[in-house]
Structure formats: structure tokens, C-alpha cells
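What follows is each chain in one-letter form.
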Amino acid sequence: MTSKTFFTHEQTPQPASEAEVVSFLKEHWGSINIVSRRKVTNASQLPRVLAHDENGKLIGLATYNIDKSLKTCELVSIDAAAPGQGIGSRLLAGVETDAKEAGCTKVWLITTNDNLEAAACYTKNGYRLMAVHLNALDKSRLLKPQIPKIGHHGLPLQDEWDFEKKLVF
């Protein structure tokens, strides 16, 4: 992360950032739609934490969904243009702050079995692996055919991993 990385929070998505968010999601996810737990979510319409470099370029994005009735926050998507720079950890912290302010008691997320770097980042930041949903990507591909069969590191893209973190006030 450069010394001039700026983080902003948009609990209500702002029209001014719409185009760059849509472009970022398409670049990193192949679509604005994210599939997990057999549901499709338009991530471009969710609350978000954005990271911009000193030139104003979007270099990181986290989108999330608050469920006030369950007091939970689902981290729907998170990406940094340059992994390993600490941007992902700062985005996670931003989501956790917003979740606490909304009265949430935990943040949860789904990642895939090939996303080893993300699993390490989540664990480092206090998240616990709670469940493995075997062959969940077969069902997800029915909703989003762009999901490849082979993922990072040449691993078969098969399972969803469920992580969560209890929030401490």
C-alpha cells in the first residue's frame, strides 16, 4: 500500500463512484453479480468501502450487506488491485467498523477452495473457518456460468468456504 491510499465508506452507494465500481467488479469478478449460498447479489448496489491511490484510481473495493434482524454483516466481495500491500486488511477493518456501527455482532463471508491467499488474510484478521460446502460451485455455475472450473494455482474450483468473525465492542 502506498503512503497515499485513501479509504472512503459509502453506506449508500454514490452515483459518482458507480462507473468505477462496476468496472472494478467486472475486472475482478467477471460481472457485477456475485453468487454465494445459491443466491445472486448485485454487488454494485451494496454499501462499500473503497480504496483509491494518490491519483484517484480505485485500487481496492469491499462490498457488504447488513442484515439488521440477524445483526450480521455479509462480506459479499473484496479485492485489492495489488495483493500483499495491506489494502485487503484495511478494507476488512472498514467493513467491520461499518458493521459495528450498524449493530452487527458478526461478519461472515464465503470464499472458494482455490483462494488460499484470501483464506490466509481472513485467518490473520481474526476470521474462523466455520463450514465447507462441498461441490457448491456446481450449483453456483447454474446461476453464473462465467465461474471457471479451474481457479487459482490450477486448483479445481469446487467448494465454498464459510468464514466468520465475531465483532468485539
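Attention in this report is confined to the structure presented alongside it.

Reading guide: rules and limits
Residues numbered from 1 in each chain as written. Predicted model: local features only at pLDDT ≥ 70, side-chain atom pairs only at ≥ 80, totals over all residues. Heavy atoms only, no water. Core = buried A, V, L, I, M, F, W, Y, C linked by side-chain atoms within 4.5 Å. Buried < 20%, exposed > 50% of the residue type's maximum accessible area, 1.4 Å probe, protein only. Helix = DSSP H or I, 4+ residues; strand = E, 2+ residues; numbered from the N terminus. Phe/Tyr/Trp six-rings, centres within 6.5 Å; stacked < 30°, edge-to-face > 60°. Lys NZ or Arg CZ within 6 Å of the ring centre and 35° of its normal. Pairing = 2+ DSSP bridges. Axes fitted to C-alpha atoms, helices over the stretch in contact; angles between N-to-C directions.

## With respect to the nonpolar core
Then comes step 1: Core analysis: the biggest nonpolar cluster contains 25 residues, and Leu75 and Tyr122 have the highest contact counts within it.
Then comes step 2: The set of elements that each furnish at least two residues to this core consists of β4 (48-52), β5 (58-67), β6 (72-80), α2 (87-101), β7 (106-112), α3 (116-124) and β9 (160-166).
Then comes step 3: In terms of nonpolar packing, the next biggest core, distinct from the first, is built from 10 residues, Phe24, Leu25, Ala43 and Leu61 among them.

## Structural notes on the packing of aromatic side chains
Then comes step 1: This model, assessed by the stated rule, comprises 2 aromatic pairs.
Then comes step 2: Each member of the aromatic cluster is reached from another via a ring pair, and the members are Tyr122, Tyr127 and Phe163.
Then comes step 3: Above the plane of the ring of Trp108 lies Arg37, whose end atom (NZ or CZ) is 4.2 Å from the centre.

## Quick notes on the sheet that holds β7
Then comes step 1: Across the sheet, which stays open at both edges, the 7 strands sit in the order β1-β4-β5-β6-β7-β9-β8 with mixed pairing between neighbours. At either end of the open sheet lies a strand with only one pairing partner, and these are β1 (6-10) and β8 (128-133). Pairwise comparison of adjacent strand axes, ignoring direction, gives a mean angle of 25° for this sheet.
Then comes step 2: Relative to β5, β4 runs antiparallel, the two sharing 5 bridges. Directly across from Ala51, in β5, lies its bridge partner Gly60.

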